[in-house]
Amino acid sequence: MSNSQVFFEQVPVGAYRNFSYIVADLSRSDAAIFDPAWEIESLLSRLRDRNLQLKYIINTHAHLDHIQGNVELKRRTGAKIVMHQASLAMKDSGVVDREELSLGEEVRLKFIHTPGHSPESMCIQVNDFALITGDTLFIGECGRVDLPGGDASALFDSFEKLRRLDPSLIVYPGHDYGKSPRATLAEELKTNYTLAKMSREEFVKFMNS
Ligand SMILES: [Zn+2]
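What comes next concerns the included structure.

1. Quick word on the sheet that holds strand β10 (residues 130-134)
Two modes of strand pairing occur in sheets, parallel and antiparallel, and in both the strands are linked by backbone hydrogen bonds. Read across the sheet, 6 strands follow the order β7-β8-β9-β10-β13-β14 without closing on themselves; strand pairing throughout is mixed. Pairing within the sheet leaves two strands with one partner each, and these edge strands are β7 (100-103) and β14 (183-184). Here 4 bridges tie β10 to strand β13 (residues 170-173), and the two strands are oriented parallel to one another. Looking at the pairing, I132 lines up with Y172 of β13.

2. Quick look at the sheet that holds strand β1 (residues 6-13)
Taken in spatial order, the 6 strands line up as β1-β2-β3-β4-β5-β6 in an open sheet, and their pairing is mixed. Two strands close off the open sheet at either side, each with one partner strand: β1 and β6 (93-95). Going across the sheet, the axis of each strand differs from the next one's by a mean of 25°, ignoring polarity. Contacting β1, β2 (18-25), β3 (30-34) and β4 (53-58), helix α1 (residues 40-49) runs over the sheet at an angle of about 160° to β1.

3. A short note on the nonpolar core
One finds V23, A31, I33, I124 and I132 to be the most contacted residues of the largest nonpolar core, which totals 57 residues. Setting aside anything within four residues of it in sequence, one finds I124 in contact with F34, I58, T60, L109, K110, F111 and I132.

4. Points about helix α4 (residues 152-163)
The terminal C-alpha atoms of α4 lie 16 Å apart, and with 12 residues this matches the ideal 16 Å at 1.5 Å per residue to within 8%. For α4, the set of buried residues is A154, L155, F156, S158, F159 and L162. Where α4 is buried, its residues contact β9 (122-126), β11 (137-138), α5 (185-191) and α6 (200-207).

5. Some details on the packing of α4 against α6
Relative orientation and spacing of two packed helices are given, respectively, by the angle between their axes and the distance between those axes. It is the contact of α4 with α6, at a shortest axis distance of 9 Å, that shows an interaxial angle of 125°. Looking at the two axes, α4 sits oblique to α6. Like other packed secondary-structure pairs, α4 and α6 cross with a definite hand, here right-handed. Across from A152, S153, L155 and F156 in α4, the residues of α6 making contact are R200, F203, V204 and M207.

6. What to know about α1
Buried within α1 we find I40, L43 and L47. The buried residues of α1 occupy an angular sector of 65° when projected down its axis, which confines them to one face. For α1, the exposed residues set more than 90 degrees away from the buried face come down to E41, S42, S45, R48 and D49. The inward-facing, buried residues of α1 contact β1, β2, β3, β4 and α3 (70-77).

Rules behind the numbers
- Residues numbered from 1 in each chain as written.
- Predicted model: local features only at pLDDT ≥ 70, side-chain atom pairs only at ≥ 80, totals over all residues.
- Pairing = 2+ DSSP bridges.
- Helix = DSSP H or I, 4+ residues; strand = E, 2+ residues; numbered from the N terminus.
- Axes fitted to C-alpha atoms, helices over the stretch in contact; angles between N-to-C directions.
- Contact = placed C-beta atoms within 7 Å.
- Core = buried A, V, L, I, M, F, W, Y, C linked by C-beta atoms within 7 Å.
- Buried ≥ 20, exposed ≤ 12 C-beta atoms within 10 Å, placed from the backbone.
- Expected span 1.5 Å × (residues − 1).
- Parallel < 35°, antiparallel > 145°, perpendicular 65-115°, else oblique.
- Left-handed = near helix turned anticlockwise from the far one by under 90°.
- Arc of directions from axis to C-beta.

That's the geometry; what it means functionally is another story.
Spelled out as structure tokens, the structure:
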């Protein structure tokens, strides 16, 4: 949390160690949910507990384990579904690299297009403290590139983008696959073997091996 008006919660959901995230401006009670899946009733009750109004459903990418709750949540709340414009899944709004979105007055979301795991993958920076990375980057690992639309060379460029961000950002991944559920970007740049400095050629070979 960067200040007392901003709510941020990492919610473990489902049998595949997914994480959903709830972000809200408490001064306006406006909320967004990232990658809602598997446990929609639990996510809805978390919103109700704090009297939050769901404005946006935002997906890091369009794989089923990250969007599976979209339709039900939209039906129950009227929230708008936001994804990268390259996504073929049902959405209300398609965003592009570096686009920003305000949530209430206290939360500023910045979309960073990071293809590689899938063409529409993106990371979302929340104010100056969090980076929701989906399946682009896990703690100590990264997402696979051998699924349809996966592209190791694109992931190389996406990692170059992440290297230019503020290293004090906390990485919040799409799955709990690491030794901890979150870590700073600085820590990942130092210890995550998939972020080790390699040439593009070395990286592509490494990812496809
Ligand atoms: Zn995925």
